[in-house]
Amino acid sequence: MSVLACIILGMTETWTKNTYACDPDECDTLIEITTSDKFGFPSGSVNNVTCPCGRTPNLLSVEPATIAPINERKEMETTTAPYSYDANTLVTYKSINNGEVTYPTLKVNELEYHLDSYRRLQDQLAISNGQISKILDNLSADGWFNPNYEKLEVLNDLCEILGHEPKQTVTITATVNVEVSYDIPLEEVEDFDARYFLQDNLTVDSWHGDVSIESFDVEDADVSY
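A short tour of the structure in this document, coming up. For clarity, every value in this text was computed on a predicted model and none was experimentally measured. Numbering of residues begins from 1 in every chain and follows the order in which that chain's sequence is written. For this predicted model, a pLDDT threshold of at least 70 governs which residues receive local features, and a threshold of 80 or more governs which side-chain atom pairs are given and counted, while totals over whole chains, interfaces and linings are taken from all residues. Processing note: side-chain calculations cover all non-hydrogen atoms of the structure and skip hydrogens and water entirely.

**A short note on the overall build of the protein**
Piece 1. The helix count covers DSSP runs of H or I at least four residues long, the strand count covers runs of E at least two residues long, and both are numbered beginning at the N terminus. Summing up its helical and strand segments, the protein has three helices and eight strands in all.
Piece 2. Ordering the α and β elements of the protein from the N terminus gives β-β-β-β-β-β-β-β-α-α-α.
Piece 3. Partly exposed describes any residue whose relative accessible area lies between the buried limit of under 20% and the exposed limit of over 50%, with all areas from a 1.4 Å probe on protein chains only and scaled to the type maximum. Per-residue burial for the protein yields a buried fraction of 14% across its 225 residues.
Piece 4. Counted over contacts in the protein with a minimum sequence separation of 6, partners at least 24 positions apart contribute 46%. In what follows, a contact means two residues having at least one pair of non-hydrogen atoms within 4.5 Å.

Next comes the structure, spelled out in C-alpha cells:
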C-alpha cells in the first residue's frame, strides 16, 4: 500500500484530517490530507481529491487533529574538523573521456600534478586564443591585405603577436688556443703524444642555450717540460 500525506500549514492549532483510499484492486493508495478552515477549507471532507494514478479515491474518515505550532528556530551547528594533509592519500574521482565514465584512483600528489597541468594548459589555451584573435583582426582590407603594407611589416607583426624571435643558423669555424697542465707518469713521458691526449680528454662546450658544438679537432700541440 502506498501512503501519501499532505499538511496545509497555518498558524492555528485546530485541523481536520481527511483519509482517502484508492481502488484496492488497482492502486491501493492511502491518502491523508490535513487542513485548516483558516485558509478557506470548510470543516469536513476536501473535495476534488485525485490519486496520483488518476482515479478519485474513496473517503474513509474525517476527524479533528491538533498540531502544536512550531516557533522554535534551531541554528545549524558548524564544526570544523582538524585539517590534515597527506600527499599519499588515495583519492577516487569520476572521469569522463569521450563519453566513457571511469573512476581512477590516484594519490593526492598525483592528482595535484594533473590539476596543475590542466591549469597550465588552460593558461596556454587562453594565450593562444588571444594570439589567434589578433591575427584574425589583421586579416582585413585595412590590415595586412592593405596594398600599402609591406611583407616585412606583416612578418614583424606576426613575430610580435606570437612572441617569436626569428633566427638563422650559422656555422662558425675558429682556432682556439688552449693551455693545459697535466701530471704525466714518468714511465709515459718518453712516448707521450700531446695531440692525441688532448683529442681524447679535451671537451668543448657552451653555456649559451642556442649554441651547439658539432665537433672539434686538435691539430697541433706543443709540450714544454
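**Let's talk about the packing of aromatic side chains**
Piece 1. Whether two aromatic rings pair depends on their centres lying within 6.5 Å, for rings of Phe, Tyr and Trp, where Trp uses its six-membered ring; planes under 30 degrees apart make the pair stacked, over 60 edge-to-face, and the rest tilted. For the structure shown, the criterion picks out three aromatic pairs.
Piece 2. With 5.4 Å between their ring centres and 55° between their planes, Phe192 and Phe197 make a pair best called tilted.
Piece 3. Feature note: the residues Tyr182, Phe192 and Phe197 constitute an aromatic cluster, connected by ring pairs.
Piece 4. We count a charge as sitting over a ring when the NZ of a lysine or the CZ of an arginine lies within 6 Å of the ring centre and within 35 degrees of the ring normal. Positioned above the aromatic ring of Tyr196 is the side chain of Arg195, whose terminal nitrogen or guanidinium carbon lies 5.4 Å from the ring centre.

Just geometry here; none of it tells us what the structure is for.
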